[in-house]
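Geometric and topological summary
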Amino acid sequence: MTLAIIDSMLRGDLRRQILSTLKTEKEISLLWRDLMKAFSQGGQSLMALEESLIAAVETSGLMQVSSDYKDDREIRQGAEQARKQGMNFGEDDYTRVDEKLSLEGLFSPVQETTPTDKFLHLLVKVECCRTMECLLMLVMSVHDDGVVRTYIRKLFSSITSLCKDANDTYIKESLTQFYFEVYHTFRRVLEKSSQQKYETDFENFVFEWKNEFPDAEVVARYNEMTKVFVPSVNIGFDSSKPELPKQTTPVGVVHKDKFDLFLDAANAFTFTDMPKVKELGTSQKIRQLVECMLKEKETIADTFGHTAAMLEFLGFYKWIANNHVSGYKLNQYDKWCTKHIMNKNAGNSFRHYRLSVGVTPTDNRNASFKYLGWKYKEAVKEEYKKILEG
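Calculation criteria
Residues numbered from 1 in each chain as written. Predicted model: local features only at pLDDT ≥ 70, side-chain atom pairs only at ≥ 80, totals over all residues. Heavy atoms only, no water. Phe/Tyr/Trp six-rings, centres within 6.5 Å; stacked < 30°, edge-to-face > 60°. Helix = DSSP H or I, 4+ residues; strand = E, 2+ residues; numbered from the N terminus. Buried < 20%, exposed > 50% of the residue type's maximum accessible area, 1.4 Å probe, protein only. Lys NZ or Arg CZ within 6 Å of the ring centre and 35° of its normal. Salt bridge = Lys/Arg side-chain N within 4 Å of Asp/Glu carboxyl O. 1 Å grid on protein atoms, 1.4 Å probe; cavity = no way out; pocket = protein on both sides within 12 Å on 5 of 7 lines; lining within 4 Å. Points joined across faces, edges and corners; volume = space filled by probe spheres on them. Nonpolar A, V, L, I, M, F, W, Y, C, P; charged D, E, K, R; others polar. Lys, Arg positive; Asp, Glu negative; His and termini not counted. Polar contact = N/O pair within 3.5 Å; in protein donor to acceptor, adjacent residues only side chain to side chain. Contact = heavy atoms within 4.5 Å.

1. With respect to the packing of aromatic side chains
One pass over the structure, following the stated rule, counts 26 aromatic pairs. The interplanar angle of 55° and the centroid separation of 6.2 Å between the aromatic rings of Phe269 and Tyr328 together place this pair among those described as tilted. Of this pair, Phe269 sits in the loop between α12 (258–266) and α13 (275–278) while Tyr328 sits in the loop between α16 (316–323) and α17 (330–340), placing them 59 residues apart in sequence. Across this residue pair, the class does not change: Phe269 and Tyr328 are buried. Summarising the aromatic geometry, the rings of Phe313 and Tyr384 are spaced 5.3 Å apart at their centres and angled 65° between planes, so their arrangement reads as edge-to-face. Taken together, the residues span a long stretch of sequence, with Phe313 in helix α15 (residues 300–314) and Tyr384 in helix α19 (residues 379–389) at a distance of 71 residues. Like Phe313, the residue Tyr384 is buried in the burial classification. Clustering of aromatic rings is evident, with ring pairs tying together Phe107, Phe156, Tyr179, Phe180, Tyr183, Tyr198, Phe202, Phe205 and Tyr222. It is Lys276 that lies over the ring of Phe313; its NZ or CZ is 4.9 Å from the centre.

Right under this line is the structure:
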């Protein structure tokens, strides 16, 4: 969560004068097109955002970001593993954050006159979206407000520094917008600590980098956008402390994570009645299976390749075709999985991972080999057996 791409726009190879020596305007235009396509077609889950940014700046040879994303992923995985083993990170309660604030449109649009403008501006937007999703995932992984506050304070410090160093108005305004999106989204987490060493006043924050307060119209928009935002949260409980009155959410509001959402969608096809799933016997084991199947792994290819292998082992496609939808096509199945597993509202890109399950492990010349489903074809059987017998 270092905003490395934006930092590179100020100090690295993404500076305009350097970028112009590395790529032609035509090449930059193509990079912008592909990034925009991925972003606008619903690829806004954390993994999809990271995949699109890697393609835009790393695969294209501009800068390396995948190691940073891997570090963030390992932090989350380590926290989840420690939590499952009963380890506690600290004394704080856990505040689950279920809604995020968008301040899109807070500042007036900045004119874009070249492909480079479009590309750099879109990179800023996508990196901010990726960082927000990373924070939300961190909340679910660590279950500890103190840890989350530490990362947010570091992020605030980075944003403040970047705003002061940037010469580009779009970067300054975008980072300011992002700063206050994070502040309001995680406000209940932040305000549980008395150690507030970051700016919370919008006008003062702008003054720090602009040397003047924002226009009255901007302030009015900010106040209007933020006054109606009341994030719906679920306050966790630390059993080591005396019990306090529980905070409640409105009747009928149910907070669901990605595992709940998958089960909701899959149970339209009676997923839990599938023979292997039903054999598990309890809702706890079924939930354990879904968590195992959708677990985020080291790379995107590992994550979705593993999921495809588990669904193949469970026989999900055949179950739908034989019991629910007459003439159900694999393309329909791929679109369903792309939407409900990859969190993309369009396309059938899950097809690559499904096809990779049937690839021979030694056939690295096969186009589907790189999607890694073959790697987990036997592993998922052992995972299932362990849950069944556990």
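2. Focus on the pattern of salt bridges
Throughout the structure, instances matching the rule amount to 22 salt bridges. A salt bridge links Glu296 to Arg73, with the nearest nitrogen and oxygen atoms 3.4 Å apart. Of this pair, Glu296 sits in the loop between α14 (283–293) and α15 while Arg73 sits in helix α5 (residues 66–84), and the two are 223 residues apart along the sequence. No difference in accessibility class separates Glu296 from Arg73, as the two residues are buried. A salt bridge links Lys375 to Asp302; the shortest N-O distance between them is 2.9 Å.

3. Thoughts on empty space enclosed by the protein
Applying the stated criterion to the full structure yields two cavities of 30 Å³ or more. Looking at the largest cavity, the residues that line it are Met1, Thr2, Leu3, Ala4, Val65, Asp68, Tyr69, Asp72, Glu127 and Arg130. Listing elements by their share of the lining of the largest cavity, those giving two or more residues are α5 and α6 (115–142). The leading source of residues in the lining of the largest cavity is α5, at three residues. Grouping the constituent residues of the lining of the largest cavity by class yields five nonpolar, one polar and four charged. Here the second largest cavity defines a volume of roughly 40 Å³. Every residue along the wall of the second largest cavity is listed here: Thr160, Cys163, Lys164, Phe205, Glu208 and Trp209. Residue composition of the lining of the second largest cavity, by class: three nonpolar, one polar and two charged.

4. Things to note about the side chain of Lys172
Summarising the element assignment, Lys172 is placed in helix α8 (residues 169–185). For the buried residue Lys172, which engages in no salt bridge, the nearest side chain bearing the opposite charge is Asp165, 7.7 Å off. Only 2.8 Å separates the side chain of Lys172 from the backbone oxygen of Ala166, close enough to count as a polar contact. Leaving out residues up to four positions away in the same chain, Lys172 has contacts with Cys163, Lys164, Ala166, Asn167 and Trp209.

5. Notes on the side chain of Ser141
Here Ser141 lies in helix α6. What makes Ser141 buried here is its relative accessible area of 1%. Those residues in contact with Ser141 that sit more than four places away from it in its chain are Arg76, Ala79, Glu80 and Arg83.

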